[in-house]
Structures are given as structure tokens and as C-alpha cells.
Amino acid sequence: EDKVVQSPLSLVVHEGDTVTLNCSYEVTNFRSLLWYKQEKKAPTFLFMLTSSGIEKKSGRLSSILDKKELFSILNITATQTGDSAIYLCAVGRAPLYDMRFGAGTRLTVKP
Amino acid sequence: NAGVTQTPKFRVLKTGQSMTLLCAQDMNHEYMYWYRQDPGMGLRLIHYSVGEGTTAKGEVPDGYNVSRLKKQNFLLGLESAAPSQTSVYFCASRDDYRANNEQFFGPGTRLTVL
């Protein structure tokens, strides 16, 4: 059975801290791994990863995929209160690109 | 360009009632999806469609039906609502011609079944 497991489930840090969020997966017909940020409503796209070892960066956020060990990490440096959200990991499967989501990591950044 | 929209935003049903949730997208996307999100469980795929007139089951299809009569619309139906269907429902769409298979999400519908 396909599964996507995120850890930790919740995390509380202070502004300026660096956090690492984890996502491991066992999914047939792996196509890509995506990270989303969810604040109050709909998830918003952060990154898509398809190749091992290639880091994707956007400002203070970065992510990397290890297809051999079947995991990805999302790093956030110099956290800000606006980073408080649920971070979702999802794996897209071939051929029809249906996605399996993890339960999410709830990040709270305190001033 | 409104993206993905969902109707209604909120709804309260009694057990046994039926309703239809409407998802509409104006991006000419082929693929559309319905998810439900429950606390601590992330998003779970209910049904999806790879084009007009097609539908397929996802992880948790029981108790739901869908239809994709027009490319821009994807309807989710509950024939006889149950309290276990209390959830937040998200619709999403994607373009099959993009190398990046990012899905674009609607704002969600909060459904409570009493």
C-alpha cells in the first residue's frame, strides 16, 4: 500500500531558528515529489522534485530529494512568523498524476 | 482569470440528505481532482478525472459520485450524507502538458453532516 509519512507532525520554534521537515515515501510508479504550504485555506505550491540530489531553492526555503532512500527534506532558514503553516508533502504517480499526500507538519514560529 | 473556484464555501447537512459540490476551473486543464482533508490526515483523494467524460476512483471513493460533463467543471455528489463525511473538501486541477505536475487548488468547501 502506498504511503507518505511526514515528520515531525508538529513543531514549535522561535523566529530566526532553522527547521528541517522530513518526508519519506513508499509509492508505486513514482513520478515526482511536491511540497505545499497550507495556511488558512488552499495549499499553495512550493517545490517539485523529480531528480535525486538536486536542491531546489526559493529564498529561505530549500528542498532536496533522495530517490534511493525514498525521502525528501524541506529546510527553512531564519524562520519568520509568516512561515507558520502546515507543510504538506505529496507524491505524484505515473501515469495519471494522482497524488498521495502525507499528513502534514504543522509549524508554529513564535516571535 | 479566477483559477479554481468551489461552490458552496460552507454547508450543513442532516444525515441522509444529498448535495452536490461544484468545482470550476478556467485554465483549460485536462485533469481535475477531489480531495477531502481531515485533521491529522492530510489530503486524501476521492475521485479524479483525466478529461471530459472520464472519472476514476481515488483512495476513498465510497459514498461519493462524480461527473465531468464539461471540461471546466467537476461535480462531487453525496447521495446520502453521513457524519463521517464531515470534512473540508478541496478541488484541484492540473495541465497535462506541463512538465511540472503541480496541482492548483480551490479555496475549499467546509461540510458538516449532523
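Look above for the structure.
All values derive from a computational prediction rather than experimental measurement.

Draft legend 1. Quick peek at the state of the cysteines. Residue and element names in this part refer to chain B. Per the counting criterion, the structure on display carries 2 disulfides over all chains. At a sulfur-sulfur separation of 1.8 Å, the disulfide partner of C23 is C91. The chirality of the disulfide connecting C23 with C91 is left-handed, given an S-S dihedral of about -75 degrees. Note that C23 is positioned in strand β3 (residues 19-25) and C91 in strand β9 (residues 87-94), a separation of 68 residues in sequence. For the pair C23 and C91, a shared accessibility class is recorded, and that class is buried.

Draft legend 2. Structural view of the pairing of strand β1 (residues 3-7) of chain A. Residue and element names in this part refer to chain A. Here β1 shows one buried face, formed by V4 and Q6, and one open face, formed by K3, V5 and S7. With 5 bridges connecting them, β1 and strand β3 (residues 19-26) associate as antiparallel partners. Paired with S7 across the strands is N22, a residue of β3.

Draft legend 3. Molecular detail of the packing of aromatic side chains. Inspection of every chain in the model, using the stated rule, returns 11 aromatic pairs over all chains. Aromatic side chains Y36 of chain A and F45 of chain A sit 5.9 Å apart centroid to centroid with 75 degrees between the ring planes, which places their arrangement in the edge-to-face category. Here Y36 of chain A falls in the buried class, since its relative accessible area comes to 0%. Between Y64 of chain B and Y89 of chain B, the aromatic rings sit 5.9 Å apart at their centres with planes inclined by 65 degrees, giving edge-to-face as the arrangement. Linking Y64 of chain B in the loop between β6 (56-57) and β7 (65-67) with Y89 of chain B in strand β9, this pair joins segments that are 25 residues apart in sequence. In terms of burial, Y64 of chain B and Y89 of chain B fall into one category: buried. An aromatic cluster is defined as three or more aromatic residues linked by ring pairs; in this entry it consists of Y36, F45 and F101 of chain A together with Y33, Y35, Y48, F90 and F105 of chain B. Seen from the ring of Y31 of chain B, R94 of chain B lies directly overhead, with NZ or CZ sitting 4.9 Å from the centre.

Draft legend 4. Up close: the interface of chain B and chain A. On the side of chain A, 21 residues touch chain B, which itself brings 22 residues to the contact. Counting each side, the surface lost to burial between chain B and chain A is near 1800 Å², with a carbon and sulfur contribution of 59%. For the pair chain B and chain A, the interface holds 1 salt bridge. A salt bridge links R100 of chain A to E59 of chain B, with the nearest nitrogen and oxygen atoms 4.0 Å apart. Remark: the boundary between chain B and chain A carries 2 residue pairs in polar contact (both at pLDDT 80 or more). Looking at which element gives the most residues to the side of chain B that touches chain A, the answer is strand β4 (residues 31-37) of chain B, with 4 residues. Residue composition of the side of chain B that touches chain A, grouped by class: 12 nonpolar, 7 polar and 3 charged.

Draft legend 5. Seen up close, the nonpolar core. V4, Y25, L33, W35, Y87 and L107 of chain A are the most contacted members of the largest nonpolar core, which has 21 residues in total. Mapped onto this core, the elements with two or more residues apiece are β3, β4 (30-38), β5 (44-49), β7 (61-66), β8 (71-76), β9 (85-93) and β11 (105-110) of chain A. Listed in part, the 20 residues of the second largest apolar core include A42 and I86 of chain A together with Y31 and L45 of chain B.

Draft legend 6. Structural view of the pattern of salt bridges. Going through the model one piece at a time under the given rule, you end up with 8 salt bridges over all chains. Put simply, D98 of chain A and R100 of chain A hold a salt bridge, and the shortest N to O gap is 3.3 Å. Classification of D98 of chain A as buried rests on a relative accessible area of 4%. The class of R100 of chain A is buried, set by a relative accessible area of 12%. Connected through shared salt-bridge partners, D2, R93, D98 and R100 of chain A together with E59 of chain B make up one network.

Draft legend 7. Highlighting the sheet that holds strand β8 (residues 73-78) of chain B. Residues and elements named next belong to chain B. With antiparallel pairing, the 4 strands of this open sheet are ordered in space as β1-β3-β8-β7. Looking at which strands have only one partner, the edges of the open sheet turn out to be β1 (4-7) and β7. The average angle at which neighbouring strand axes cross in this sheet is 20 degrees, direction not considered. Pairing of β7 with β8 involves 3 bridges; the strand directions are antiparallel. Looking across to β8, one finds that S67 is bridged to L75.

Procedures and definitions
- Residues numbered from 1 in each chain as written.
- Chains lettered and ligands numbered in written order.
- Predicted model: local features only at pLDDT ≥ 70, side-chain atom pairs only at ≥ 80, totals over all residues.
- Heavy atoms only, no water.
- Disulfide = S-S within 2.5 Å.
- Helix = DSSP H or I, 4+ residues; strand = E, 2+ residues; numbered from the N terminus.
- Buried < 20%, exposed > 50% of the residue type's maximum accessible area, 1.4 Å probe, protein only.
- Pairing = 2+ DSSP bridges.
- Phe/Tyr/Trp six-rings, centres within 6.5 Å; stacked < 30°, edge-to-face > 60°.
- Lys NZ or Arg CZ within 6 Å of the ring centre and 35° of its normal.
- Contact = heavy atoms within 4.5 Å.
- Buried area = accessible area lost by both parts, 1.4 Å probe.
- Salt bridge = Lys/Arg side-chain N within 4 Å of Asp/Glu carboxyl O.
- Polar contact = N/O pair within 3.5 Å; in protein donor to acceptor, adjacent residues only side chain to side chain.
- Nonpolar A, V, L, I, M, F, W, Y, C, P; charged D, E, K, R; others polar.
- Core = buried A, V, L, I, M, F, W, Y, C linked by side-chain atoms within 4.5 Å.
- Axes fitted to C-alpha atoms, helices over the stretch in contact; angles between N-to-C directions.

Interpretation note: all reported values are geometric properties and have no functional meaning in isolation.
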